[in-house]
There are 2 protein chains.
Amino acid sequence: MTVTEEPKPRRLTPKGRATRDRIVEAATELIARNGVAGTGIEDVRAAAGVSGSQLYHYFDSKQALIRAVITRQADSVLQPGEPRVTALDSFEALRAWADAAIERQVETGCRGDCNLGSLAGELSVRDEESRSDIANGFLRWKDLVLDGLRAMRDRGELRADADLEELALSLLSALQGGVLLSQTMLQVRPLEASMNAALAYIHSFAVDAVG
Amino acid sequence: MTVTEEPKPRRLTPKGRATRDRIVEAATELIARNGVAGTGIEDVRAAAGVSGSQLYHYFDSKQALIRAVITRQADSVLQPGEPRVTALDSFEALRAWADAAIERQVETGCRGDCNLGSLAGELSVRDEESRSDIANGFLRWKDLVLDGLRAMRDRGELRADADLEELALSLLSALQGGVLLSQTMLQVRPLEASMNAALAYIHSFAVDAVG
């Protein structure tokens, strides 16, 4: 897979960073509501309350702005302290993580999320740079899950013959597919079902599991 | 959930139906390559080799055309005779169905699919009518899986206490999430993993399963 190098961010003053963050946050919220295609640079500028020249100082194209949104969404799920993800290194932590994802859909009425999956759905097919950025986000996410599963195996909680890569990918797929179905059907049930299935699959490799 | 009534299609002559099909097929192919936002009515007209007045005779708006694409994609997976779906009423049939979905990604290099999931990713957030149409497609699909699982339970192959609704939803979520990840990461591995997990979960409710 081609990995696109992330351009090095310029050093920003605290004030510059705050302005940049405000722009990316406004873009993320608008994309959650209207999709990438339905979000114009001018809408973002107005929502962030910045001038055109300020916006272009940080982002010289819509593509650059979208890229920052992708990075933000990829990071947000990985940030330590983010309530949704701590270390995913026990069955309890995995269940809590799944419950938090479900709770998030309940809170938003299964609407208006701007996550890597919805960005992928809209951008991957057409836009190679976005696809590659989102793929990198998924990879980092998968590695986070993999780290947790490895810790569980090393502590003797998961069987030595468990294919941890497969477990991590199936959990991530279940999350993305469950969110996609829940947001399309406006019901939280698909995500609940997919999380139950994915966690049960991981649990079937527990050393104390029967079978 | 609000169910949008599908407008009754006009009676078409065989020639009219062929023209209409050609237009929808051209639109489906263009959307697979360029997304809905990247596909214009004029592109579709040119690709289908019809005149503007012919196109407008069948579809008076882009929305009407998109709706026809959604219906076509929802139907295609349900059509009897479609190699990908026969009756999903045995473990072998479910595995064959999963393998066919995986094979399809291998054939296309994980690119350029226009399925309900990718349509949902691009359209659901912004466009209520499309969301509702796609949700109906998913529901019909889920019912197809549910019919098969019910037959398996009635034959005593699945335990009586299995939550068939949950099994069907988790299988569908795994498919959608696996395809999304595979198409974003350009690897078939995520779909393989998610299908293995979903089928293993169903299998854990087999009457002869341990546990």
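Bear in mind that the values here come from a model prediction, so they are computed numbers and not experimental data.

Draft legend 1. Layout of the overall build of chain A. When helices and strands are counted, chain A shows 9 helices and 0 strands. Walking chain A from its N terminus toward its C terminus, one meets helices and strands in the order α-α-α-α-α-α-α-α-α. Within chain A, counting contacts between residues at least 6 apart in sequence, those at least 24 apart form 69% of the total. For chain A, the computed accessible surface area is about 9300 Å², with 51% contributed by carbon and sulfur atoms.

Draft legend 2. The arrangement of the packing of aromatic side chains in detail. All names here are of chain B. All told, the structure shown has 4 aromatic pairs over all chains when counted by the stated rule. The interplanar angle of 90° and the centroid separation of 5.4 Å between the aromatic rings of Y201 and F205 together place this pair among those described as edge-to-face. Since its relative accessible area comes to 9%, Y201 is described here as buried. Owing to a relative accessible area of 15%, F205 belongs among the buried residues under this scheme.

Draft legend 3. Expanded view of helix 7 (residues 128-154) of chain B. All names here are of chain B. With 27 residues, helix 7 should cover 39 Å at 1.5 Å per step; its first-to-last C-alpha distance of 38 Å lies within 8% of that length. Two to three positions downstream of the cap, the backbone nitrogen of E129 sits 3.1 Å from a side-chain oxygen, assigning the N-cap of helix 7 to D127. Directly after helix 7, the chain includes G156, whose backbone phi takes a positive value near 80°.

Draft legend 4. Here's a closer look at the pattern of salt bridges. By the definition in use, this model includes 22 salt bridges over all chains. A salt bridge links A:E157 to A:R155, with the nearest nitrogen and oxygen atoms 2.7 Å apart. Salt bridges sharing common partners tie together A:D163, A:E166, B:R189 and B:E192.

Draft legend 5. Representation of the relation of the copies chain A and chain B within the structure. Least-squares fitting of chain A to chain B yields an RMSD of 0.0 Å, with the superposition described by an axial translation of 0.0 Å and a rotation of 180°. The operation mapping one copy onto its partner corresponds to a two-fold rotation axis. Of every C-alpha in chain A, the one belonging to A:G177 sits nearest the axis of rotation, 1.8 Å from it. In this assembly, 100% of the residues forming the interface of chain A have copies in chain B that are likewise at the interface, indicating an isologous arrangement.

Draft legend 6. Representation of the interface of chain A and chain B within the structure. Every contact between the two is made by 47 residues of chain A and, on the other side, 47 residues of chain B. Of the roughly 3900 Å² buried where chain A meets chain B, counting both sides, 69% is carbon and sulfur surface. For the interface between chain A and chain B, the tally reads 4 salt bridges. Of the charged contacts, one joins B:R189 and A:D163 as a salt bridge, the two residues approaching to 3.1 Å between their closest N and O atoms. Summed over the shared surface of chain A and chain B, the result is 8 residue pairs in polar contact (both at pLDDT 80 or more). For the side of chain A that touches chain B, the elements supplying multiple residues, two or more each, are helix 1 (14-34), helix 6 (116-123), helix 7 (128-154), helix 8 (164-185) and helix 9 (189-203) of chain A. Broken down by element, the residue count for the side of chain A that touches chain B peaks at 13 residues, all from helix 8 of chain A. Split into classes, the residues belonging to the side of chain A that touches chain B amount to 21 nonpolar, 17 polar and 9 charged.

Draft legend 7. Examining the packing of helix 7 of chain A against helix 8 (residues 164-185) of chain B more closely. At a minimum axis distance of 8 Å, the contact between helix 7 of chain A and helix 8 of chain B shows a crossing angle of 120°. The angle between helix 7 of chain A and helix 8 of chain B places the two elements in the oblique class. Residues A:R131, A:I134, A:A135, A:F138 and A:L139 of helix 7 of chain A touch helix 8 of chain B, and the partners they reach there are B:L181, B:Q183, B:T184 and B:M185. Split by residue class, the contact of helix 7 of chain A with helix 8 of chain B holds 6 nonpolar, 2 polar and 1 charged.

Draft legend 8. Quick peek at the UniProt feature "DNA-binding region" (unreviewed entry) in chain A. Sites flagged by UniProt as "DNA-binding region" (unreviewed entry) map to residues 40-59 of chain A. The distance separating the terminal C-alpha atoms of residues 40-59 of chain A is 13 Å; by composition the span is 75% helix and 0% strand.

Draft legend 9. The side chain of A:D127, seen in detail. All names here are of chain A. Tracing the backbone shows D127 in the loop between helix 6 and helix 7. Given the relative accessible area of 18%, D127 is considered buried. Within the structure, the side chain of D127 is placed 3.1 Å from the backbone nitrogen of E129, a separation counted as a polar contact.

Draft legend 10. Inspection of the environment of A:L88 at higher detail. Residue and element names in this part refer to chain A. Assignment of secondary structure puts L88 in the loop between helix 4 (62-76) and helix 5 (91-107). Spatially, the C-alpha atoms of L88 and R150 are 10.0 Å apart, while their sequence positions differ by 62 residues. Not counting the four nearest positions on each side in its chain, L88 is found in contact with A93, L94, W97, L144, V145, G148, L149 and M152.

Draft legend 11. Examining helix 9 of chain A more closely. In a regular helix each residue adds 1.5 Å, so 15 residues correspond to 21 Å; helix 9 of chain A covers 21 Å between its end C-alpha atoms and thus fits that length. Lining the buried residues of helix 9 of chain A we find helix 5, helix 7 and helix 8 of chain A together with helix 8 and helix 9 (189-203) of chain B.

Draft legend 12. Just unusual backbone geometry, in detail. Its identity as a non-glycine residue notwithstanding, A:L186 has a phi of 55°, on the positive side. You can see A:L186 is positioned in the loop between helix 8 and helix 9.

About the cut-offs
- Residues numbered from 1 in each chain as written.
- Chains lettered and ligands numbered in written order.
- Predicted model: local features only at pLDDT ≥ 70, side-chain atom pairs only at ≥ 80, totals over all residues.
- Heavy atoms only, no water.
- Helix = DSSP H or I, 4+ residues; strand = E, 2+ residues; numbered from the N terminus.
- Contact = heavy atoms within 4.5 Å.
- Areas by Shrake-Rupley, 256 points an atom, 1.4 Å probe, with all protein chains shown as cover.
- Phe/Tyr/Trp six-rings, centres within 6.5 Å; stacked < 30°, edge-to-face > 60°.
- Buried < 20%, exposed > 50% of the residue type's maximum accessible area, 1.4 Å probe, protein only.
- Expected span 1.5 Å × (residues − 1).
- Polar contact = N/O pair within 3.5 Å; in protein donor to acceptor, adjacent residues only side chain to side chain.
- Salt bridge = Lys/Arg side-chain N within 4 Å of Asp/Glu carboxyl O.
- Least-squares fit on C-alpha atoms with pLDDT ≥ 70 in both.
- Buried area = accessible area lost by both parts, 1.4 Å probe.
- Nonpolar A, V, L, I, M, F, W, Y, C, P; charged D, E, K, R; others polar.
- Axes fitted to C-alpha atoms, helices over the stretch in contact; angles between N-to-C directions.
- Parallel < 35°, antiparallel > 145°, perpendicular 65-115°, else oblique.
- UniProt positions renumbered as here; feature names shortened; annotations may be inferred.

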